Amino acid sequence: MEAMDRIYTARPYYGSRKMVVELGKQGLLVNRKKVSRLMKKMGIVAQYQKPNLSKANKTHKKYPYLLRDLKPSAPNQVWSTDITYIPLRTGFLYLVAIIDWYSRYVISWRISNTLDTRFCLEALEEALQTGCPEIFNSDQGVQFTAEAFTSVLERKGIKISMDGKGRALDNIFIERFWRSLKYEDIYIKRYENGKEAVIGISTYIAFYNDERPHQSLKYKAPVEIHIAA
């Protein structure tokens, strides 16, 4: 699954067929049925325009995407969230993070061994202790469309925005953060277990927020933009 995660991080538009081909190039011979099963377990799906892409709960309320052509001009205008798969030597975990679109600052995060709403809600509640965005964006996954999650945002008067089905670029800034985290930390460190992963990821996010220069921020670190504004 680590090999699949590397492929997906580099090419999130790959479906099970191309995943099988790419794995074969690496000497990992596996059939499409197994790849499809593992992709489902990992919570990943090819990001390209097609119907019924989202794994959302059909009974949950969906919200329109509010960020098209919007360019935030200050922190706390737009926050966004997503979940990614974290490979370990002895298993895997899921990581949710909330990021500020303008400053690229990672406001909060949580790790879980299950894809439930609880750890996403904990990250949201922690983030809201630091501030309150005008708009909160997520995908249409069941974790974010659950009433327990959306009701927290609604009580705060926060506008809810959700990615369109199959639109890989609707949540681009947190996707870029996942890529940085995995190539600069996860794939290098190859954490043995959950305890190591929590400590290591915490250290990386502190570095990412406080020290790592971003070209789009004129080579400043996110904290310089997030706190100064």
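Predicted model only: the values in this text are computed from it and were never measured.

Peer 1: So, the nonpolar core: which residues are in play, and what are the values?
Peer 2: Grouped together as the largest cluster of nonpolar side chains are 35 residues, with contacts concentrated most on Met4, Met19, Ile98, Leu124, Phe136 and Phe149. The set of elements that each furnish at least two residues to this core consists of α1 (2-10), α2 (16-25), α3 (32-42), β1 (78-88), β2 (91-100), α4 (118-128), α6 (147-155) and β5 (159-162). Looking at this core, the element that brings in the most residues is α4, giving seven residues. What Phe149 contacts, discounting residues up to four positions off in sequence, is Thr117, Cys120, Leu121, Leu124, Phe136, Gln143 and Phe144. Residues Ile186, Ala197, Ile201 and Tyr204 belong to the second largest nonpolar core, which totals 20 residues.

Peer 1: If you had to explain the environment of Glu125 to someone new, which residues and values would you point to?
Peer 2: By secondary structure assignment, the location of Glu125 is in helix α4. C-alpha separation for the pair Glu125 and Leu153, spaced 28 residues apart in sequence, amounts to 9.7 Å.

Peer 1: Lay out the pairing of strand β3 (residues 106-112) in plain terms, naming residues and giving numbers.
Peer 2: Burial of β3 is extensive: five of the seven residues sit out of reach of the surface. As paired elements, β2 and β3 share six bridges and run antiparallel to each other. Note on β3: the bridge partner recorded for Ile99 is Val106.

The rules behind each value
Residues numbered from 1 in each chain as written. Predicted model: local features only at pLDDT ≥ 70, side-chain atom pairs only at ≥ 80, totals over all residues. Heavy atoms only, no water. Core = buried A, V, L, I, M, F, W, Y, C linked by side-chain atoms within 4.5 Å. Buried < 20%, exposed > 50% of the residue type's maximum accessible area, 1.4 Å probe, protein only. Helix = DSSP H or I, 4+ residues; strand = E, 2+ residues; numbered from the N terminus. Contact = heavy atoms within 4.5 Å. Pairing = 2+ DSSP bridges.

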